[in-house]
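Notes for the structure review
Chain by chain, the residues run as shown.
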Amino acid sequence: RIGRVMAKSLSLVAALVLVASPAATALAVGPRTRISPRQVAVRMAWAEPEFSSAKVKEVKKSSSGRACEVIIEASDDLISAYTKPGQFVQLRPSSDVKAGFFAIASAPRSTPDGTLEFLIKETESTEWLTGASPGAAAEMCAPMGK
C-alpha cells in the first residue's frame, strides 16, 4: 500500500495526500477524518506574503495608450528572488489596499540596477500604478510562481 505526501510552499501551501491504507489515513489527515482506500484528500491554505517597500522609478505610456511599462525599484533581496520567466509579484500602494498580481516582464537578471519591469494594462484598479509619478511609494512581495 502507498502513502505519499507532497507539499510545496512559498506563500501558498498545498498538500496532496494519496491514501491507500487506514494507518496512512490516520497519519496523513487525522484520526477523525474518514477516507476510503485510494481516495485523494486535498488541503490548501493561504499565508499572507511579506511585503517590502519599493518605489516607482518610471512609467512609460505605450504607443496605443492602453498599456504602460512600469519600472519598479526594489531591494536586492526581492530582485535576486526573481529567477525564472513567468514569475509574478503582488503590488499595492499601501498596507490598507488589497494587492494586485502582476507578471514580471523583464527577463531574470536582465536589469542590473535593482529594478523590475512590468507591462500593465490601464484599468480602474491599476490607475494608482499606471498614473504614478517617479518616486511614488509602493509595497511589493517577493516573486512567486514556477
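First, a word on scope: everything that follows refers to the structure included in this document.

Parameters and conventions
Residues numbered from 1 in each chain as written. Predicted model: local features only at pLDDT ≥ 70, side-chain atom pairs only at ≥ 80, totals over all residues. Heavy atoms only, no water. Core = buried A, V, L, I, M, F, W, Y, C linked by side-chain atoms within 4.5 Å. Buried < 20%, exposed > 50% of the residue type's maximum accessible area, 1.4 Å probe, protein only. Helix = DSSP H or I, 4+ residues; strand = E, 2+ residues; numbered from the N terminus. Contact = heavy atoms within 4.5 Å. Pairing = 2+ DSSP bridges. Axes fitted to C-alpha atoms, helices over the stretch in contact; angles between N-to-C directions.

Topic: the nonpolar core
Ranked by size, the top nonpolar core spans 19 residues in total, and within it Ile72, Leu91, Leu116, Phe118, Leu129 and Met140 carry the most contacts. For this core, the secondary-structure elements that each account for two or more residues are strand E4 (51-61), strand E5 (67-73), helix H2 (76-80), strand E6 (88-92) and strand E8 (115-121). If near-sequence neighbours (up to four positions away) are discounted, Leu129 is found in contact with Val56, Val59, Val70, Ile72, Leu91, Phe102 and Ile120.

Points about the sheet that holds E6
With antiparallel pairing, the six strands of this open sheet are ordered in space as E7-E6-E9-E4-E5-E8. Each edge of the open sheet is held by one strand with a lone partner, namely strand E7 (100-103) and E8. Strand-to-strand twist of the sheet, defined as the mean angle between neighbouring strand axes without regard to direction, takes the value 40°. Direction of pairing for E5 relative to E8: antiparallel, over a ladder of seven bridges. Each bridged residue has a counterpart across the sheet, and for Ile72 the counterpart in E8 is Leu116.

What to know about the pairing of E4
Inspection of the sheet shows E4 paired to strand E9 (residues 137-141) by five bridges, in the antiparallel sense. Bridging across to E9, Phe51 finds its partner in Cys141. Here six bridges tie E4 to E5, and the two strands are oriented antiparallel to one another. Directly across from Lys60, in E5, lies its bridge partner Glu69.

The quantities given are spatial measurements derived from coordinates; they are silent on function.
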